[in-house]
Amino acid sequence: MKKSILISLVLTVCLLWGSFSVPAFAVGEGMSCHGLKADTALDSPGKQLDTAKAVILYELNSGTMVYTYNADQQINPTGLVKFLTVLLALEHGDLNEVVTVKQATLNTVAVGSKSARLKAGEEITLRDLLHCVMVYSANDACAVIAAHIGGSQEGFVTMMNDKAKALGCTNSHFTNAHGLTDAAQYSTPRDLAIVTVAALENETFSEMFSMLSCTIPATNKSDIREYTTTNNMMREKDKNYDSRVTGGKPAAASNTDRSMICTAQVGTARYLCVVMGAKAQMSEDNMVILRYGIFEEMTSLIN
């Protein structure tokens, strides 16, 4: 209890001052918990969660690294790479431009993966493609965006790695725009936090990051499509709902290996939370998710 009160007091000072010199009792002499590149965190080291491989808890207003565990461990980022995909599309594309879906592009996406049910020859705006990605995590929409913005999947991947490097990511390598599993693709909680903080500075990204649902208007190939966020922590009727969560999305490498990035508001503090490699609990027949892992871990992190 005393430790929690101490951390709260120090963070309150950080919020009031904006920037600060971290006192020695918080992190040790000569060390800093300020900024995403911080060499330590405000809270003491050690794993304080259940199954997650690596986590970051970062206070956005003051730029304070509150808690980390394996912040630089290279892990399969899965669908969390979509934030980088969307950021590049916003920087290099026109939201109102109509994109024509090509069969060759759809063929690059694994059958049975999360899909907006796009069809070859379909004409859809870049804005609606981005909504499909941010709200529903559609992999086919990511591939179409990549081909449109980068000229090809390979061209877009080059843009992804160049952008990540420019932002200061030093432990990541991206191979596709959607995050479907590739052994050569990896990132870290710190690098993904760097990408997300940069993306949140874009007003349109920030709006999409917090969307609960979206309506994709009818196109030349499809009727109206309705999608609801995959972030159960923002769905009021879900058991994992948390009113403090203001945006974000989950991702999965498999039924049991899950990750998530979200933002949360607690009083005047605004947190960015990254959880990677949490384990879900499945039913005996492996058909029903009994415990997602990421949502429970995220709640513990925010608490």
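These numbers come from a predicted model, not from an experiment.

The rules we used
Residues numbered from 1 in each chain as written. Predicted model: local features only at pLDDT ≥ 70, side-chain atom pairs only at ≥ 80, totals over all residues. Heavy atoms only, no water. Helix = DSSP H or I, 4+ residues; strand = E, 2+ residues; numbered from the N terminus. Buried < 20%, exposed > 50% of the residue type's maximum accessible area, 1.4 Å probe, protein only. Contact = heavy atoms within 4.5 Å. Areas by Shrake-Rupley, 256 points an atom, 1.4 Å probe, with all protein chains shown as cover. Salt bridge = Lys/Arg side-chain N within 4 Å of Asp/Glu carboxyl O. Axes fitted to C-alpha atoms, helices over the stretch in contact; angles between N-to-C directions. Parallel < 35°, antiparallel > 145°, perpendicular 65-115°, else oblique. Left-handed = near helix turned anticlockwise from the far one by under 90°. Pairing = 2+ DSSP bridges. Arc of directions from axis to C-beta. Patch = residues over 30% accessible without salt bridge, like charges linked within 9 Å, V, L, I, M, F, W, Y side chains within 5 Å. Phe/Tyr/Trp six-rings, centres within 6.5 Å; stacked < 30°, edge-to-face > 60°. Expected span 1.5 Å × (residues − 1). Polar contact = N/O pair within 3.5 Å; in protein donor to acceptor, adjacent residues only side chain to side chain.

Along its length, the chain carries 10 helices and 11 strands. Looking at the chain as a whole, 52% of its 303 residues qualify as buried. The contacts in the chain between residues at least 6 apart in sequence include a share of 59% that link residues at least 24 apart. Put simply, the chain shows about 13500 Å² of open surface, and 50% of that area lies on carbon and sulfur atoms.

Tallied over the full model, the rule gives 5 salt bridges. Among the salt bridges present, the one from Arg 291 reaches Asp 50, with a minimum N-O distance of 3.5 Å. Taken as a pair, Arg 291 in strand 11 (residues 289–291) and Asp 50 in the loop between helix 2 (24–27) and strand 1 (54–59) lie far apart in primary sequence, 241 residues in all. Classification of Arg 291 by relative accessible area gives partly exposed; the value is 23%. A salt bridge links Asp 72 to Arg 190; the shortest N-O distance between them is 2.7 Å. On the criterion of sequence distance, the pair formed by Asp 72 in the loop between strand 2 (64–69) and helix 3 (82–92) and Arg 190 in helix 8 (residues 189–200) is long-range, its members being 118 residues apart. The partly exposed category is assigned to Asp 72, whose relative accessible area is 38%. Taking relative accessible area as the criterion, Arg 190 reaches 11% and is therefore assigned buried.

Moving on: the packing of helix 3 against helix 6 (residues 139–150). In helix packing, the relevant descriptors are the interaxial angle and the interaxial distance, both defined with respect to the helix axes. Between helix 3 and helix 6, the least distance of the axes is 10 Å, while the angle of their chain directions is 40 degrees. What the angle tells us is that helix 3 and helix 6 run oblique. Note on packing geometry: the crossing formed by helix 3 with helix 6 is left-handed. Residues Lys 82, Thr 85, Leu 88, Ala 89 and His 92 of helix 3 form the contact with helix 6, whose own contacting residues are Asn 139, Cys 142, Ile 145 and Ile 149.

Take the pairing of strand 7 (residues 245–252) next. Of all 8 residues that make up strand 7, 6 are buried, and the element is covered over most of its length. With 7 bridges joining them, strand 7 and strand 8 (residues 257–266) adopt antiparallel strand pairing. Following the sheet pairing, Gly 247 is matched in strand 8 by Thr 263. Taken together, strand 7 and the strand that follows it, strand 8, pair antiparallel across an intervening segment of 4 residues.

Attention now goes to helix 10 (residues 294–302). Every α-helix carries 3.6 residues per turn, so stepping three or four residues along brings you back to the same face. Within the span of helix 10, buried status applies to Ile 294, Phe 295, Glu 297, Met 298, Leu 301 and Ile 302. For helix 10, the angular spread of the buried residues around the axis is 160 degrees, confining them to a single face. Next to the buried residues of helix 10 lie strand 1, strand 2, strand 7, strand 8 and strand 9 (269–279).

Here the focus is the pairing of strand 6 (residues 225–228). Because side chains alternate across strand 6, one face comprises the buried residues Arg 225 and Tyr 227, and the other comprises Glu 226 and Thr 228, none of which is buried. Pairing of strand 5 (residues 213–216) with strand 6 involves 4 bridges; the strand directions are antiparallel. When the bridges of strand 6 are listed, Thr 215 appears paired with Glu 226.

Taken together, Met 287, Val 288 and Leu 290 make up a surface patch of nonpolar side chains, about 310 Å² in accessible area. Here Val 288 lies in the loop between strand 10 (281–282) and strand 11.

Turning our eyes to something else, we now look at the packing of aromatic side chains. Two aromatic rings, taken as a pair, are described by how far apart their centres are and by the angle between their planes. According to the stated counting rule, one finds 5 aromatic pairs in the structure shown. Judged by centre distance (5.6 Å) and plane angle (85 degrees), the rings of Phe 83 and Phe 205 are edge-to-face. With Phe 83 in helix 3 and Phe 205 in helix 9 (residues 203–209), this residue pair connects regions lying 122 residues apart in the sequence. Take Phe 83 and Phe 205: they sit in the same class, and that class is buried. By way of ring pairs, the aromatic residues Phe 83, Phe 205 and Phe 209 are connected into one cluster.

The next subject is helix 6. The first and last C-alpha atoms of helix 6 sit 16 Å apart over 12 residues, in line with the 16 Å expected at 1.5 Å per residue. Among the 12 residues in helix 6, 9 count as buried, and that is most of the element. Inspection of helix 6 places Asn 139, Asp 140, Ala 141, Cys 142, Ala 143, Val 144, Ile 145, Ala 146 and Ile 149 among the buried residues, and these make up the whole buried set. Residues of helix 6 that are buried sit in contact with helix 3, strand 3 (98–100), helix 4 (103–106), helix 5 (126–136) and helix 7 (153–167).

Our next topic: the side chain of Ser 259. Within the secondary structure, Ser 259 sits in strand 8. Of the polar contacts made by the side chain of Ser 259, one reaches the backbone nitrogen of Gly 277; its length is 3.1 Å. Those residues in contact with Ser 259, other than ones at most four positions away along the chain, are Leu 80, Pro 250, Ala 251, Val 275, Met 276, Gly 277 and Ile 294.

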